[in-house]
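Structure assessment
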Amino acid sequence: MITVKEIARMAGVSAKTAERALSGVTKDKRRDARERAERVRRIAAANGYRPSELALSLRRGSIRTVGFLVDVLTDQFLAAAVETAMDEAAKSDFRVALRVARFSPEQTEEALQAFLASGVDGIITSCSSAQLPAQLMASLVQRKFPVFSLCGRSEYEISSAGADYGSALPDAVRCLAARGHRRVSCCMFTGKTADNAAARRIFLAGCEACGVTPDFRVHTRREQAAELAEEATEALILYGKYSMRIYLDRCAELHRKPDVIGIYNEWTLAAAQPFELCGIILENAEAAVRGAVRQVLDEVSGAPVRHLTFPARFVPEEEFHRLKVVNLANQRLAARGEA
């Protein structure tokens, strides 16, 4: 590969001038200096020169990389979240480094330590607060190292994102009440303590406004969805595509057809298509992920910690035909013209 000295010779400048032009660290204001730098870059590009990432990182004091820690990659939401984070980070000339924790506290800590050892500028995690190593998290908070939780508001003083159910949950309760139900159940999933508490307050207020009896629960195991079906619940708002599958499969075995509203996002919406639901609460996952990346990059520049909320909306059954199922794989193939 061509060297910086060879590029400098071809451009008629010193090696130091060529090195500075290719580093991207400084931008000269004088016209003659700008022209020299542009000449250097044109010659470098024409000859396939690629600067050392390590050398650039040392000059910048940053590797311009955000670590992204997920539990699995086979999940629809997490796979799409990683793709979207990469796209958003690239807009600021950052990359995304990925690690998988597989729901293991030990692998979670190992992944976080590996990120830090590699010099990432910030970290986004989809792991629950309970899974994060307390001592390490306390150290990161004290250092004001940018960490963002995609698993709702964290118990640590780090930035996070969550859905705002302020209008969606009351709308869902009204839908079920209009169908004649006098008791409505709402079941969320563990791992989002603060967000679940907020959802509970909104749900209780919505039930009171509609004059129905509320039943709010937080499941810790997906198998509890089958137990819920055995209780003969007639009106239910249920979080989680896996819990929904378990719940409705058990209902089918029991020959029951309750009125059910599921909570999904645009990336998991396809999982709802086989089910007969009377409504969907739709979260805005893409906005949350893009917001997470932007917040981490802002914190790299000194911005304060923030909790971001993104309004969810209720979609009744009669409007399902308007919903757009987002499939990133199909979009990529379509862009390439493949069948």
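That block above? That's the structure.
Bear in mind the structure is a predicted one, so any value in this text is a computation, not a measurement. (Residues numbered from 1 in each chain as written. Predicted model: local features only at pLDDT ≥ 70, side-chain atom pairs only at ≥ 80, totals over all residues. Heavy atoms only, no water.)

Details of helix α3 (residues 31-46)
Defined as follows: A run of DSSP states H or I qualifies as a helix once it reaches four residues; a run of E qualifies as a strand once it reaches two. Both are numbered from the N-terminal end. How far a helix is expected to stretch is found by multiplying one less than its residue total by 1.5 Å. Remark: exposure states derive from per-residue accessible area (1.4 Å probe, protein chains only) relative to the maximum for the residue type, with buried under 20%, exposed over 50%, and partly exposed in between. When we speak of the arc, we mean the arc of directions from the helix axis to the C-beta atoms. Residue contacts are defined here by distance: any two heavy atoms, one from each residue, within 4.5 Å place the two residues in contact.
Compared with an ideal rise of 1.5 Å per residue, which puts 16 residues at 22 Å, α3 spans 22 Å between its outermost C-alpha atoms and is within 8% of the ideal. Those residues of α3 not exposed but buried are Ala 33, Ala 37, Val 40, Ile 43 and Ala 44. Along the axis of α3, the buried positions cluster into a sector of 125 degrees, meaning they face one direction only. Across from the buried face of α3, at angles greater than 90 degrees, the exposed residues are Arg 31, Ala 45 and Ala 46. If you follow the buried residues of α3, they end up packed against α1 (4-11) and α2 (15-23). Within two residues after α3, Gly 48 carries a phi angle of roughly 70 degrees, on the positive side.

Here's the deal with the pattern of salt bridges
Note the threshold: Any carboxyl oxygen of Asp or Glu within 4 Å of a side-chain nitrogen of Lys or Arg constitutes a salt bridge here.
For the structure on display, the rule yields 20 salt bridges. Between Arg 245 and Asp 249 there is a salt bridge, with its nearest N and O atoms 3.7 Å apart. Highlighted residues: Arg 245 and Asp 249, both in helix α11 (residues 241-253), separated by four residues, approximately one helical turn. On the basis of relative accessibility, which here comes to 37%, the residue Asp 249 falls in the partly exposed class. One network of salt bridges, in which partners are shared, links Asp 87, Glu 88, Lys 91, Glu 286, Arg 290 and Arg 294.

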